[in-house]
Amino acid sequence: VGSAACKKCHLKEHKSWAETKMGKAFETLKPGGAKEAKEKFKIDVSADYTKDAKCLKCHTVGHGQPGGYATPAAGDDKAAKEMAKLEGVGCEACHGPGSEYIKVFEEITKSKRKYKLAELTAVGLKVADEASCKACHSGEGPTNDPTKPFKFDKAKDIHEHVPLKDREG
(Lines give C-alpha, C1' and ligand atoms only; values in the text may rest on other atoms or scores of the structure.)
Protein backbone atom coordinates (compact mmCIF):
# COMPACT_ATOMS: atom_id res chain seq x y z
CA VAL A 1 0.00 0.00 0.00
CA GLY A 2 3.02 2.29 0.42
CA SER A 3 4.08 4.49 3.31
CA ALA A 4 1.67 7.29 2.42
CA ALA A 5 -1.19 4.97 3.40
CA CYS A 6 0.36 4.60 6.86
CA LYS A 7 0.92 8.35 7.16
CA LYS A 8 -2.83 8.95 7.57
CA CYS A 9 -2.78 7.48 11.08
CA HIS A 10 0.93 7.62 11.92
CA LEU A 11 1.89 11.15 10.92
CA LYS A 12 4.66 11.70 13.50
CA GLU A 13 6.24 8.34 12.76
CA HIS A 14 6.07 9.03 9.02
CA LYS A 15 7.60 12.49 9.32
CA SER A 16 10.51 11.25 11.42
CA TRP A 17 11.07 8.21 9.14
CA ALA A 18 11.03 10.35 5.96
CA GLU A 19 14.14 12.18 7.17
CA THR A 20 16.15 8.99 7.77
CA LYS A 21 18.54 7.14 5.48
CA MET A 22 15.87 4.45 5.24
CA GLY A 23 13.31 6.89 3.92
CA LYS A 24 15.80 8.17 1.35
CA ALA A 25 17.38 4.82 0.43
CA PHE A 26 16.13 4.76 -3.17
CA GLU A 27 17.68 8.18 -3.83
CA THR A 28 21.12 6.74 -3.10
CA LEU A 29 20.78 4.48 -6.15
CA LYS A 30 20.53 7.41 -8.54
CA PRO A 31 23.57 8.81 -10.32
CA GLY A 32 25.36 11.14 -7.91
CA GLY A 33 23.39 9.91 -4.90
CA ALA A 34 25.31 9.01 -1.73
CA LYS A 35 28.49 10.27 -3.38
CA GLU A 36 30.73 10.01 -0.31
CA ALA A 37 29.61 6.48 0.58
CA LYS A 38 29.97 5.31 -3.02
CA GLU A 39 33.47 6.80 -3.27
CA LYS A 40 34.48 5.25 0.06
CA PHE A 41 33.41 1.78 -1.10
CA LYS A 42 34.66 2.25 -4.68
CA ILE A 43 31.21 2.20 -6.28
CA ASP A 44 30.67 4.12 -9.52
CA VAL A 45 29.08 7.40 -8.43
CA SER A 46 27.80 8.22 -11.92
CA ALA A 47 26.04 4.89 -12.48
CA ASP A 48 22.28 4.43 -12.22
CA TYR A 49 21.48 1.53 -9.89
CA THR A 50 17.69 2.10 -9.86
CA LYS A 51 17.13 -0.98 -12.02
CA ASP A 52 19.72 -3.25 -10.39
CA ALA A 53 17.87 -6.12 -8.69
CA LYS A 54 20.70 -6.63 -6.20
CA CYS A 55 20.25 -3.04 -5.02
CA LEU A 56 16.46 -2.90 -5.25
CA LYS A 57 16.16 -5.82 -2.85
CA CYS A 58 17.17 -3.52 0.02
CA HIS A 59 16.35 -0.04 -1.29
CA THR A 60 12.66 -0.63 -2.04
CA VAL A 61 9.69 -2.35 -0.43
CA GLY A 62 9.04 -5.94 -1.45
CA HIS A 63 11.16 -6.11 -4.58
CA GLY A 64 10.65 -9.55 -6.11
CA GLN A 65 7.62 -10.27 -3.91
CA PRO A 66 3.95 -10.27 -4.97
CA GLY A 67 2.68 -6.69 -4.80
CA GLY A 68 6.18 -5.37 -4.16
CA TYR A 69 8.36 -2.97 -6.10
CA ALA A 70 8.84 -3.79 -9.77
CA THR A 71 10.97 -1.68 -12.09
CA PRO A 72 8.57 0.22 -14.35
CA ALA A 73 9.12 -0.01 -18.10
CA ALA A 74 10.62 3.08 -19.72
CA GLY A 75 7.87 5.56 -20.56
CA ASP A 76 5.22 3.86 -18.42
CA ASP A 77 4.35 6.88 -16.29
CA LYS A 78 1.39 5.15 -14.64
CA ALA A 79 3.56 2.24 -13.44
CA ALA A 80 6.32 4.63 -12.37
CA LYS A 81 3.85 6.59 -10.23
CA GLU A 82 2.50 3.37 -8.70
CA MET A 83 6.01 2.05 -7.93
CA ALA A 84 7.20 5.38 -6.49
CA LYS A 85 5.16 4.63 -3.36
CA LEU A 86 7.39 1.59 -2.75
CA GLU A 87 10.72 3.35 -3.23
CA GLY A 88 12.94 3.55 -0.18
CA VAL A 89 12.82 1.38 2.91
CA GLY A 90 9.19 2.14 3.70
CA CYS A 91 6.91 1.11 6.53
CA GLU A 92 6.08 -2.24 4.96
CA ALA A 93 9.75 -3.22 4.70
CA CYS A 94 9.76 -3.57 8.48
CA HIS A 95 6.08 -4.05 9.31
CA GLY A 96 5.00 -6.36 6.47
CA PRO A 97 2.61 -5.80 3.58
CA GLY A 98 -0.19 -3.58 4.81
CA SER A 99 -2.94 -4.50 2.37
CA GLU A 100 -4.77 -6.66 4.93
CA TYR A 101 -3.92 -5.17 8.30
CA ILE A 102 -4.65 -1.63 7.13
CA LYS A 103 -8.28 -2.67 6.55
CA VAL A 104 -8.59 -3.85 10.15
CA PHE A 105 -6.81 -0.76 11.47
CA GLU A 106 -9.15 1.52 9.50
CA GLU A 107 -12.17 -0.29 11.01
CA ILE A 108 -10.69 0.08 14.49
CA THR A 109 -10.12 3.79 13.91
CA LYS A 110 -13.66 4.38 12.59
CA SER A 111 -15.33 2.46 15.41
CA LYS A 112 -12.98 3.96 18.05
CA ARG A 113 -12.85 0.61 19.80
CA LYS A 114 -10.02 -0.87 21.83
CA TYR A 115 -7.84 -3.47 20.15
CA LYS A 116 -4.88 -5.72 20.85
CA LEU A 117 -1.75 -5.92 18.74
CA ALA A 118 -2.44 -9.63 18.15
CA GLU A 119 -5.53 -8.68 16.14
CA LEU A 120 -3.33 -6.87 13.61
CA THR A 121 -0.49 -9.38 13.62
CA ALA A 122 -3.04 -12.09 12.81
CA VAL A 123 -3.65 -10.36 9.47
CA GLY A 124 -0.04 -9.59 8.59
CA LEU A 125 1.35 -6.78 10.73
CA LYS A 126 4.90 -7.55 11.76
CA VAL A 127 6.71 -6.12 14.73
CA ALA A 128 10.09 -5.05 13.41
CA ASP A 129 12.81 -7.30 14.76
CA GLU A 130 16.48 -7.96 14.28
CA ALA A 131 15.86 -10.57 11.57
CA SER A 132 13.89 -8.11 9.42
CA CYS A 133 16.75 -5.60 9.64
CA LYS A 134 19.44 -8.19 8.95
CA ALA A 135 17.74 -9.15 5.69
CA CYS A 136 19.64 -6.14 4.32
CA HIS A 137 22.15 -5.31 7.04
CA SER A 138 23.86 -8.65 6.66
CA GLY A 139 27.24 -7.77 5.20
CA GLU A 140 26.26 -8.66 1.62
CA GLY A 141 25.67 -5.09 0.44
CA PRO A 142 28.60 -3.19 -1.05
CA THR A 143 28.45 -0.44 1.60
CA ASN A 144 28.16 -2.71 4.63
CA ASP A 145 31.36 -2.09 6.54
CA PRO A 146 32.59 -5.31 8.24
CA THR A 147 34.45 -3.20 10.80
CA LYS A 148 31.12 -1.67 11.88
CA PRO A 149 28.70 -4.57 12.41
CA PHE A 150 24.98 -3.87 12.49
CA LYS A 151 23.63 -3.25 15.99
CA PHE A 152 19.89 -3.76 16.23
CA ASP A 153 19.57 -2.10 19.65
CA LYS A 154 20.90 1.16 18.21
CA ALA A 155 18.99 0.94 14.93
CA LYS A 156 15.56 -0.25 16.08
CA ASP A 157 14.26 3.22 16.82
CA ILE A 158 14.56 4.39 13.22
CA HIS A 159 11.53 6.62 13.64
CA GLU A 160 9.61 8.30 16.41
CA HIS A 161 7.16 6.04 18.25
CA VAL A 162 3.86 7.44 19.45
CA PRO A 163 1.68 5.29 21.74
CA LEU A 164 -1.60 4.44 20.08
CA LYS A 165 -4.48 5.54 22.27
CA ASP A 166 -6.89 2.66 21.63
CA ARG A 167 -4.36 -0.16 21.95
CA GLU A 168 -4.66 -2.53 24.88
CA GLY A 169 -1.61 -4.26 26.27
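Calculation notes
- Residues numbered from 1 in each chain as written.
- Predicted model: local features only at pLDDT ≥ 70, side-chain atom pairs only at ≥ 80, totals over all residues.
- Heavy atoms only, no water.
- Core = buried A, V, L, I, M, F, W, Y, C linked by side-chain atoms within 4.5 Å.
- Buried < 20%, exposed > 50% of the residue type's maximum accessible area, 1.4 Å probe, protein only.
- Contact = heavy atoms within 4.5 Å.
- Helix = DSSP H or I, 4+ residues; strand = E, 2+ residues; numbered from the N terminus.
- Lys, Arg positive; Asp, Glu negative; His and termini not counted.
- Salt bridge = Lys/Arg side-chain N within 4 Å of Asp/Glu carboxyl O.
- Polar contact = N/O pair within 3.5 Å; in protein donor to acceptor, adjacent residues only side chain to side chain.
- Disulfide = S-S within 2.5 Å.
- Arc of directions from axis to C-beta.
- pLDDT = per-residue confidence, 0-100.

Draft legend 1. Representation of the nonpolar core in the model. Within the largest apolar cluster, eleven residues are counted, these being Phe26, Leu29, Ile43, Ala47, Tyr49, Cys55, Leu56, Val61, Tyr69, Met83 and Leu86. Beyond its immediate chain neighbours, meaning those up to four positions away, Val61 contacts Gly68, Tyr69, Leu86, Gly88, Gly90, Glu92 and Ala93. Judged by nonpolar contacts, the second largest core, of six residues, contains Phe105, Ile108, Tyr115 and Leu125.

Draft legend 2. Spotlight on the side chain of Glu13. Positionally, Glu13 belongs in helix α2 (residues 11–18). Lys12 is the oppositely charged side chain nearest to the buried, salt-bridge-free Glu13, at an N-O distance of 8.1 Å. Apart from the residues lying within four places of it in its own chain, the contact partners of Glu13 are His159, Glu160, His161 and Val162.

Draft legend 3. How the structure looks around the side chain of Glu92. With respect to the helices and strands, Glu92 occurs in helix α6 (residues 91–95). At a separation of 3.0 Å, a polar atom in the side chain of Glu92 contacts the main-chain amide nitrogen of Val1.

Draft legend 4. Summary view of the state of the cysteines. Applying the stated criterion across every chain yields a total of one disulfide. The disulfide that involves Cys58 links it to Cys136, with 2.4 Å between the sulfurs. Where Cys58 bonds to Cys136 through sulfur, the torsion about that S-S bond is close to -100°, and the disulfide is left-handed. One end of the pair, Cys58, is in helix α4 (residues 53–59); the other, Cys136, is in the loop between α9 (130–134) and α10 (152–155), with 78 residues separating them in the sequence. What makes Cys58 partly exposed here is its relative accessible area of 21%. By relative accessible area, which is 25% here, Cys136 ends up partly exposed. Of the cysteine sulfurs around Cys9, a residue in no disulfide, the closest is that of Cys6, at 8.8 Å. By relative accessible area, which is 37% here, Cys9 ends up partly exposed. Note on Cys91: no disulfide assigned, nearest cysteine sulfur contributed by Cys6 at a separation of 3.9 Å.

Draft legend 5. Highlighting the pattern of salt bridges. Considering all chains together, one arrives at eleven salt bridges under this definition. Measuring nitrogen to oxygen at the nearest pair gives 3.8 Å for the salt bridge that ties Asp145 to Lys40. Taken together, the residues span a long stretch of sequence, with Asp145 in the loop between α9 and α10 and Lys40 in helix α3 (residues 35–40) at a distance of 105 residues. In this structure Asp145 comes out as buried when scored by relative accessible area, which is 19%. Among the charged side chains, a salt-bridge network with shared partners connects Glu107, Arg113 and Glu119.

Draft legend 6. Summary view of helix α7 (residues 101–111). Inspection of α7 places Tyr101, Ile102, Phe105 and Ile108 among the buried residues, and these make up the whole buried set. Buried residues along α7 cover an arc of 120° about the axis, so they all sit on one side. Contacts from the buried residues of α7 go to α1 (3–7), α6, β1 (115–116) and α8 (117–121). Remark: Lys112 follows α7 within two positions and exhibits a positive phi of approximately 60°.

Draft legend 7. Region of interest: the confidence of the model for the chain. Scored by pLDDT, the chain comes out at a mean of 92, with 100% of its residues at no less than 70. Ranking the elements of the chain by mean pLDDT puts strand β2 (residues 167–168) last with 85 and α4 first with 96.

Draft legend 8. Fine view of unusual backbone geometry. Residues other than glycine seldom take positive phi values, yet Ala34 does so here, at roughly 50°. The exposure class assigned to Ala34 is partly exposed, which follows from its relative accessible area of 32%. Located in the positive-phi region is Lys42, a residue other than glycine, with phi close to 55°. Among the structural elements, Lys42 can be located in the loop between α3 and α4.

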